[in-house]
Amino acid sequence: MVRLIMGSKGSGKTKQLIEMINNAAKDEPGNVVCIEANRNMTYDIRLIDAEEYKLNNYDSFRGFISGLYAGNYDISHVFIDSLCRIVGRDVDQETEDFLNWLDVFGERNNIKFTVTISADASLATDGVKKYF
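A few points on the structure. (Residues numbered from 1 in each chain as written. Predicted model: local features only at pLDDT ≥ 70, side-chain atom pairs only at ≥ 80, totals over all residues. Heavy atoms only, no water.)

### Brief notes about the sheet that holds strand 4 (residues 75–80)
Reading across from one edge, 1-5-4-2-3 is the order of the five strands in this open sheet, with parallel pairing throughout. Lying at the two open borders of the sheet, with one neighbouring strand each, are strand 1 (2–7) and strand 3 (46–49). Direction aside, neighbouring strands of the sheet carry axes that sit 15 degrees apart on average. Sheet topology note: the strand 4/strand 5 (residues 112–118) ladder contains four bridges and is parallel. (Pairing = 2+ DSSP bridges. Helix = DSSP H or I, 4+ residues; strand = E, 2+ residues; numbered from the N terminus. Axes fitted to C-alpha atoms, helices over the stretch in contact; angles between N-to-C directions.)

Given below as structure tokens:
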């Protein structure tokens with residue numbers, strides 16, 4: 001399952017994300033992980049700084065998520081903050097393909113994904129909009 005929070009800078013995505021992460025940390029039966037562009041936020045969960053792992057394209061991100069799960073089958077929820085900023089690109093077909101891959105991977109492994117993208121929601125393709 002993938003949930004996408006998309007909006008322009010200052011639209012309240014971070015506040016919403018922090019609330020969701022805190023609730024997941026309390027309520028999720030498994031481990032909760034947050035991948036962010038840099039270490040700006042603090043939680044009582046596993047926090048991963050994407051800059052340390054050079055996740056600058058969707059292929060490396062797929063491999064990273066797969067490896068993360070291979071090393072810890074107890075992950076139940078992964079939050080990805082500022083996806084397009086992490087990979088260094090705008091919302092495009094590859095973004096849609098990645099979200100589709102996350103959805104399939106999550107269904108197969110019983111992992112929820114919550115992703116934020118800082119961009120006007122009107123830029124989203126129909127395939128991206130299905131995750132709103």
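Picking up where we left off.
### So, the pairing of strand 4
The element strand 4 is extensively covered by neighbouring structure, given that six of its six residues are classed as buried. Note that strand 2 (residues 31–36) and strand 4 share five bridges and pair parallel. Across the sheet, residue Cys 34 finds its bridge partner in strand 4, namely Phe 79. (Buried < 20%, exposed > 50% of the residue type's maximum accessible area, 1.4 Å probe, protein only.)

### Description of the nonpolar core
Ranked by size, the top nonpolar core spans 35 residues in total, and within it Ile 35, Phe 61, Val 78, Ile 80, Leu 83, Leu 99 and Ile 117 carry the most contacts. Elements with a contribution of two residues or more to this core: strand 1, strand 2, helix 3 (58–71), strand 4, helix 4 (83–87), helix 5 (93–109) and strand 5. Sorting elements by how many residues they give to this core places helix 3 first, with six residues. When sequence neighbours within four positions are dropped, the list of residues in contact with Leu 99 reads Val 2, Leu 4, Leu 83, Val 115, Val 128 and Tyr 131. By size, the runner-up hydrophobic cluster in this structure holds ten residues, among which are Ile 5, Val 32, Cys 34 and Leu 47. (Core = buried A, V, L, I, M, F, W, Y, C linked by side-chain atoms within 4.5 Å. Contact = heavy atoms within 4.5 Å.)

### What about empty space enclosed by the protein?
Under the counting rule described, the total for this entry stands at one cavity of 30 Å³ or more. If you go around the largest cavity, the residues you meet are Ile 65, Leu 68, Tyr 69, Ile 75, Val 78, Phe 105 and Ile 111. Mapped by element, the contributors of at least two residues to the lining of the largest cavity are helix 3 and strand 4. If one sorts the elements of the lining of the largest cavity by residue count, helix 3 sits on top with three residues. Here the lining of the largest cavity is composed, by residue class, of seven nonpolar, no polar and no charged. (1 Å grid on protein atoms, 1.4 Å probe; cavity = no way out; pocket = protein on both sides within 12 Å on 5 of 7 lines; lining within 4 Å. Points joined across faces, edges and corners; volume = space filled by probe spheres on them. Nonpolar A, V, L, I, M, F, W, Y, C, P; charged D, E, K, R; others polar.)

Purely geometric stuff here, so don't read any function into it on its own.
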